[in-house]
Amino acid sequence: MTRNFFIVVCLTVAVNTGMGLIVPILPTFLKQYGYTVAGLSLPFLSLIIGRMISKSFAAYIIQTLKNKATLVVSFLLYGLTFLLYPILDDGRGFVVLRFFEGIVEGISIICLTDLAIVLSSHQRGKLMGIFGSSFGIGFILGPLIGGVCYEMAGMNAVFYAGAVLGLIAAIGSLTLPSIPNVPQKKKQGWIRAAIEHSHFFPEYGPSIIRRAVFFSLMIVLPLFATEQLGVDATQVAFFFSASAVISATLMPFTGKLADKVSPNFILAITLSAMAMLIAGFGFTDNVYMFGLLFLTESLCFAFMLPAGMKVFADAVGNHPSRTVIVSAYGGVTEAITLVLAVLLPPLYALDAHASWFFLAVICLVAALPFIRRATGENTIYVPSKSEA
């Protein structure tokens, strides 16, 4: 792993740590502004809309400023956003800031993903496993730091920690070189670009699942754990941290597996297993059984994500419109997440079990192309395109 790839991984950890900081306190924070369970979708909605809108101009900004300046500015604005949260006095201001946070996050994630693809031309499965583990590490550190700050110094300390994190990440971005080979952006929105490059949709499916599972758990798990399983709100972070430990620990090794075993075979097995396990979440009211199912699903996720990221990176790595494709499919992901943010809270309020079943169906649909491809395919020692 090169120095520059390591920095990209660290910056991705920073973004995901910032996203995870407020997870343990989010229901409490929002309910103090009078949000109902169904109303919890509004702040998520504003975040996702911001991220989705950012996909329309993210590639242009990256092409104009180059990757280094884009990341420095993004992280400085990210830190500033966290500084503004403590001065809010109503829920509307929180929704507006979440929208702005979504724009900044959306641009930085596209930039980091594009860099990861460029810098992983050799041993792509291994490196994408390491890159994928950065999401898990961030999800370990985020809820953990957020929970500790909340317990020791109150809610505002959580936001100040996010501001410091943004500053540190901006300084770290300064150590990256400017990558000159960023493809030019075509003059079209992300929707038209996604339609033009729609043949990459199956390859990007696992990345969509990563986001769908992540956001769905942020919305549903705190509610399900406290209301159905009787878990204290301050202990919800342990579920996220345990899952993230599994992902962060295993992904560098499961990424190596994706260089030796057909990624299609890995994805067919793991996505199908995730669908069954997530469906099973809704059929238990025992915290220990739920924990067992949850940790097993996290294990499958750790095998799924590096293989999925490798499949997509192999498909678009040398494409002349690489950045445009990454940005366009980022928009697709945000649109799907938008549907989840709108649908899941009222669906949970109607029937807690239905929300888990809905997420399981999404995983199963994503598995279907890989089940078809894996049928009759030689699964062992398939050479990586990046190693050919």
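Residues numbered from 1 in each chain as written. Predicted model: local features only at pLDDT ≥ 70, side-chain atom pairs only at ≥ 80, totals over all residues. Heavy atoms only, no water.

(A) Structural context of the overall build of the chain. Counting secondary structure elements, the chain contains 14 helices and 0 strands. Secondary structure elements of the chain, listed N to C terminal, follow the sequence α-α-α-α-α-α-α-α-α-α-α-α-α-α. Based on the C-alpha atoms only, the size of the chain along its principal axes is roughly 55 × 45 × 35 Å. When each of the 388 residues of the chain is scored for burial, the buried share is 61%. The long-range fraction of contacts in the chain, counting pairs at least 24 apart against all pairs at least 6 apart in sequence, stands at 87%. With an accessible surface of roughly 15,200 Å², the chain has 70% of that area assigned to carbon and sulfur atoms. Within the chain, the 18 negative side-chain charges are centred at a point lying 13 Å from the centre of the 23 positive side-chain charges. (Helix = DSSP H or I, 4+ residues; strand = E, 2+ residues; numbered from the N terminus. Buried < 20%, exposed > 50% of the residue type's maximum accessible area, 1.4 Å probe, protein only. Contact = heavy atoms within 4.5 Å. Areas by Shrake-Rupley, 256 points an atom, 1.4 Å probe, with all protein chains shown as cover. Lys, Arg positive; Asp, Glu negative; His and termini not counted. Charge placed at Lys NZ, Arg CZ, Asp CG, Glu CD.)

(B) Representation of a nonpolar patch on the surface in the model. On the surface, Val 73, Leu 77, Leu 80, Leu 83, Leu 84, Ile 87, Phe 100 and Tyr 160 cluster together to form a nonpolar patch covering roughly 690 Å² of accessible area. Broken down by element, the residue count for the nonpolar patch peaks at 5 residues, all from helix α4 (residues 58–84). (Patch = residues over 30% accessible without salt bridge, like charges linked within 9 Å, V, L, I, M, F, W, Y side chains within 5 Å. Salt bridge = Lys/Arg side-chain N within 4 Å of Asp/Glu carboxyl O.)

(C) A look at helix α12 (residues 287–316). For α12, which comprises 30 residues, the first-to-last C-alpha distance of 42 Å matches the rise-based estimate of 44 Å (1.5 Å per residue) to within 8%. With 21 of 30 residues buried, α12 lies mostly within the body of the structure. Among the residues of α12, the N-terminal cap falls to Asn 286, whose side-chain oxygen and the backbone nitrogen of Tyr 288 are separated by 2.8 Å. (Expected span 1.5 Å × (residues − 1). Polar contact = N/O pair within 3.5 Å; in protein donor to acceptor, adjacent residues only side chain to side chain.)

(D) The arrangement of the nonpolar core in detail. The biggest cluster of nonpolar side chains holds 131 residues, and the ones touching the most others in it are Phe 131, Leu 271, Met 274 and Phe 290. Here the element with the most residues in this core is helix α9 (residues 201–227); it accounts for 15 residues. Once residues within four sequence positions are removed from consideration, Leu 271 is found in contact with Ile 209, Met 304, Cys 363, Ala 366, Ala 367 and Phe 370. (Core = buried A, V, L, I, M, F, W, Y, C linked by side-chain atoms within 4.5 Å.)

(E) Region of the structure containing the packing of helix α1 (residues 3–21) against helix α7 (residues 155–173). Two numbers describe how α1 lies on α7: the axes approach to 10 Å, and their chain directions differ by 165 degrees. Considering the angle they form, α1 stands roughly antiparallel to α7. Remark: the crossing between α1 and α7 carries left-handed chirality. Contacts from Ile 7, Leu 11, Ala 14, Thr 17, Gly 18 and Leu 21 of α1 reach α7 at Val 158, Ala 161, Gly 162, Leu 165, Ala 169, Gly 172 and Ser 173. Split by residue class, the contact of α1 with α7 holds 8 nonpolar, 5 polar and no charged. (Axes fitted to C-alpha atoms, helices over the stretch in contact; angles between N-to-C directions. Parallel < 35°, antiparallel > 145°, perpendicular 65-115°, else oblique. Left-handed = near helix turned anticlockwise from the far one by under 90°. Nonpolar A, V, L, I, M, F, W, Y, C, P; charged D, E, K, R; others polar.)

(F) Spotlight on the pattern of salt bridges. The full count for this structure, using the stated rule, is 5 salt bridges. Note that Asp 259 and Lys 310 form a salt bridge whose closest N and O atoms lie 3.7 Å from each other. With a gap of 51 residues between them, Asp 259 in helix α10 (residues 236–260) and Lys 310 in helix α12 connect regions that are remote in the sequence. Of the residues examined, Asp 259 reaches a relative accessible area of 7% and is grouped as buried. A salt bridge links Asp 314 to Lys 310, with the nearest nitrogen and oxygen atoms 3.0 Å apart. Of this pair, Asp 314 and Lys 310 are both found in helix α12, 4 residues apart, which corresponds to roughly one turn of the helix. Taking the relative accessible area as the measure of exposure, Asp 314 reaches 17% and is therefore buried. A network of salt bridges, in which partner residues are shared, links Asp 259, Lys 310 and Asp 314.

(G) How the structure looks around the packing of aromatic side chains. Here the structure, examined in full by the defined rule, presents 17 aromatic pairs. Each ring, one from Phe 281 and one from Phe 290, has its centre 5.0 Å from the other, and the planes form 50 degrees; the classification is tilted. Here Phe 281 falls in the buried class, since its relative accessible area comes to 1%. Among the residues examined, Phe 290 registers a relative accessible area of 0% and is labelled buried. The interplanar angle of 70 degrees and the centroid separation of 6.3 Å between the aromatic rings of Phe 312 and Tyr 329 together place this pair among those described as edge-to-face. (Phe/Tyr/Trp six-rings, centres within 6.5 Å; stacked < 30°, edge-to-face > 60°.)

(H) Just the environment of Trp 356, in detail. Counting through the fold element by element, Trp 356 comes out in helix α14 (residues 352–374). Overall, Trp 356 belongs to the buried group, its relative accessible area being 1%. Sequence spacing of Trp 356 and Leu 277 is 79 residues, and the spatial spacing of their C-alpha atoms is 9.5 Å.

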